[in-house]
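Close look at the chain arrangement
As a plain string of letters, each chain reads:
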Amino acid sequence: MALVSIDDARGFVLSSCRRLEPVRALVVEAVSHVLAEPVRSGEPVPPFTNSSMDGYAVRSGDVRNAPSRLRVTGAVLAGDDPGPLVVGEGEAARIMTGAVLPPGADSVCMVEHTRTEDGFVVIEEAVGPGTNVRNAGDDIAAGDEVFAAGAQLSAAHIGVLASLGMEQVLVYPRPRVGVVSTGDELTSGPGPLPLGKVRDSNRPALLAQLKADGFVPVDLGRAADEPDALAKTLQEGAQECDVLLTSGGVSVGDRDFVRTVLENLGGQQARWLQVAVRPGKPFAFSTLPPKGTPVFGLPGNPVSALVSYELFARPSLRLMAGHQNLDRPRLCGRAAVDLPRRPDGRLHLVRVSAIASADGALHVRPSGGQGSHQLHALAGANALAFLPDGEGVAAGDIVEVMVLDAETLPPLAGPRPGT
């Protein structure tokens, strides 16, 4: 079978996935969701002109030639309606941060620049019109489009929506993703391993990655290398989940049944691909009736399963969740050591640690062994280095990396590709 490029495989998969139907969500529960419609403000923020400091509300003309002695006629606290209080000529009002600026006043002098004298306040420095004043609508005007459709809601977005009095927003739901491991060789839990058995690491790792990426993981357990058992698991999972991930059973072994099962279940566009990438060459994809549930058949080797997830499943899930940016960030670094490889017609993805030097340049070196079974090296990596077909990258040369864990990158991370 001819090798398929990553771009062609990715294009096929993405074209087969659709955004989920939007739902109404409580604002307080909508963080990390993506807006399905624009949000407009029905009122200004702040809703009234107010003080940005504790101090005295004054008429700027009265303090032009400070120091100026003004009669204190009242006080306005945060949350108070100033009522009939008006700041007239030669007068001042005590005011707190966030309090309504009373009529007549056009500025606020900080309390640190005043002193009091028997019902009067001495303003010790001049303040111009608008000093320490926050005007109504200074942040958001009534009728503004506050957020566009497609915005991913952060904590700050939630705060803005709350400040507008919104209780619900229309968002794309997080996909529910069922995960099933296949293989008679799999077991789990402590205790001695029978000869020929291995503990299932793919399912726990994929469930954890789904949760970390903001999706809803659903554990569908293990399926034996038996077509009817796998078919039953997939059919039940397709009723409960928006997407299914399987690991194992997509290569050319005698008991690799995923492709056959997907075809027998009436999967639309069922395809078994040999992708021009290492690790992660074998890959299957289909959509199952009755809902057209996408099924990603990931390889069985632990590193290959997670790499295929990053290349194909994660972008598709982000598309379904309404995201516009589907991919992890890519940066350019410099190889700290030789990154050799042999020509084989495939892109090699090397597990690496990306570390910044004192000058901010990003230096890249392997995080451990590069076998598709060597999961420990992936645990120690914060990026994948892209080595195009050829002889590899020499120490000191530029290499492109896909960032897996941005939090572990240093603040200075080198130039982006194309800069």
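Quick summary incoming for the structure in this document. Model, not experiment: these values are computed from the prediction.

A closer look at the overall build of the protein chain
The helix and strand tally for the protein chain stands at 7 helices and 29 strands. Along the three orthogonal principal directions, the C-alpha set of the protein chain runs to about 95 × 55 × 45 Å. When the 419 residues of the protein chain are sorted by exposure, 46% land in the buried category. Summarising the internal contacts of the protein chain: among those between residues at least 6 apart in sequence, 71% fall at separations of at least 24. When the accessible surface of the protein chain is split by element, carbon and sulfur atoms take 51% of a total near 19800 Å². Charged side chains of the protein chain number 37 positive and 48 negative; the gap between the two group centres comes to 6 Å.

Some thoughts on the pattern of salt bridges
Using the criterion set out here, one finds 20 salt bridges in the structure. Close ionic contact of Asp62 with Arg59 constitutes a salt bridge, the shortest N to O distance being 3.8 Å. With a closest N to O distance of 2.7 Å, Glu310 and Arg328 form a salt bridge. With Glu310 in helix α6 (residues 302-320) and Arg328 in the loop between α6 and β23 (330-335), the pair connects residues that are 18 residues apart, well separated along the chain. Taking relative accessible area as the criterion, Glu310 reaches 12% and is therefore assigned buried.

Some words on the layout of surface pockets
The computed volume of the largest pocket comes to approximately 460 Å³. When residues in the lining of the largest pocket are grouped by element, the largest group, 4 residues, is from strand β25 (residues 347-356). Among the residues making up the lining of the largest pocket, the classes are represented as 10 nonpolar, 11 polar and 8 charged.

Quick look at unusual backbone geometry
Apart from glycine, the bulk of residues carry a negative phi angle, and the bulk of peptide bonds sit in the trans form. Note that the residue after Val45, namely Pro46, is joined by a cis bond; omega there is -5°. Structurally, Pro46 is set in the loop between β3 (39-40) and β4 (50-51). For the bond running from Ala66 to Pro67, omega is 10°, close enough to zero to count as cis. Its location among the elements puts Pro67 in the loop between β5 (55-58) and β6 (68-76). Of note in this structure, Asp118 is not a glycine but carries a positive phi near 50°. Tracing the chain through its elements places Asp118 in the loop between β9 (114-117) and β10 (120-123). For Asn132, which is not glycine, the phi torsion reads 60° and is therefore positive. One can find Asn132 in the loop between β10 and β11 (133-134). Exposure remark for Asn132: the relative accessible area of 18% places this residue in the buried category.

Looking at the side chain of Ser68
Take Ser68: it is sitting in strand β6. There is a polar contact of 3.1 Å between the side chain of Ser68 and the backbone oxygen of Asp62. Setting aside its immediate chain neighbours within four residues, Ser68 contacts Asp62, Val63, Val121, Val122 and Ile123.

A few points about the sheet that holds strand β8 (residues 107-110)
What the 6 strands build is an open sheet, ordered β8-β5-β7-β6-β10-β9; its pairing is mixed. If you trace the sheet from one side to the other, it starts and ends with β8 and β9, each paired once. Strand-to-strand twist across the sheet, computed as the mean angle between neighbouring axes with direction ignored, equals 40°. The sheet contact formed by β6 and strand β7 (residues 91-95) spans 4 bridges and is parallel. Across the sheet, residue Arg71 finds its bridge partner in β7, namely Glu91.

Examining the nonpolar core
Residues Leu245, Phe283, Phe296 and Tyr309 are the most contacted members of the largest nonpolar core, which totals 40 residues. Element by element, the count of residues in this core is highest for α6, at 10 residues. Among all residues touching Phe283, those that are not within four sequence positions of it are Val13, Val250, Arg271, Trp272, Leu273, Val275, Phe296, Gly297, Leu298 and Phe312. Judged by nonpolar contacts, the second largest core, of 19 residues, contains Ala223, Leu234, Cys241 and Leu244.

Side note on the side chain of Thr246
Residue placement: Thr246 occurs in strand β18 (residues 243-247). Taking relative accessible area as the criterion, Thr246 reaches 1% and is therefore assigned buried. Excluding residues within four positions of it along the chain, Thr246 makes contact with Val180, Leu234, Val258, Val295, Phe296, Gly297 and Leu298.

Thoughts on the environment of Pro102
Within the secondary structure layout, Pro102 lies in the loop between β7 and β8. With 32 residues separating them in the primary sequence, Pro102 and Arg134 have C-alpha atoms 13 Å apart. If we skip the residues at most four places from it in the chain, Pro102 touches Ala57, Val76, Pro82, Leu85, Val87, Ala93 and Ile95.

Quick word on the sheet that holds strand β13 (residues 168-172)
Taken in spatial order, the 3 strands make up an open sheet running β1-β13-β2, and their pairing is antiparallel. Unpaired on one side and paired on the other, β1 (23-26) and β2 (34-35) mark the two borders of the sheet. Strand direction decides the pairing type here: β2 and β13, joined by 2 bridges, are antiparallel. The residue bridging Leu35 from the neighbouring strand is Val171, located in β13.

What counts and how
- Residues numbered from 1 in each chain as written.
- Predicted model: local features only at pLDDT ≥ 70, side-chain atom pairs only at ≥ 80, totals over all residues.
- Heavy atoms only, no water.
- Helix = DSSP H or I, 4+ residues; strand = E, 2+ residues; numbered from the N terminus.
- Buried < 20%, exposed > 50% of the residue type's maximum accessible area, 1.4 Å probe, protein only.
- Contact = heavy atoms within 4.5 Å.
- Areas by Shrake-Rupley, 256 points an atom, 1.4 Å probe, with all protein chains shown as cover.
- Lys, Arg positive; Asp, Glu negative; His and termini not counted.
- Charge placed at Lys NZ, Arg CZ, Asp CG, Glu CD.
- Salt bridge = Lys/Arg side-chain N within 4 Å of Asp/Glu carboxyl O.
- 1 Å grid on protein atoms, 1.4 Å probe; cavity = no way out; pocket = protein on both sides within 12 Å on 5 of 7 lines; lining within 4 Å.
- Points joined across faces, edges and corners; volume = space filled by probe spheres on them.
- Nonpolar A, V, L, I, M, F, W, Y, C, P; charged D, E, K, R; others polar.
- Polar contact = N/O pair within 3.5 Å; in protein donor to acceptor, adjacent residues only side chain to side chain.
- Pairing = 2+ DSSP bridges.
- Axes fitted to C-alpha atoms, helices over the stretch in contact; angles between N-to-C directions.
- Core = buried A, V, L, I, M, F, W, Y, C linked by side-chain atoms within 4.5 Å.

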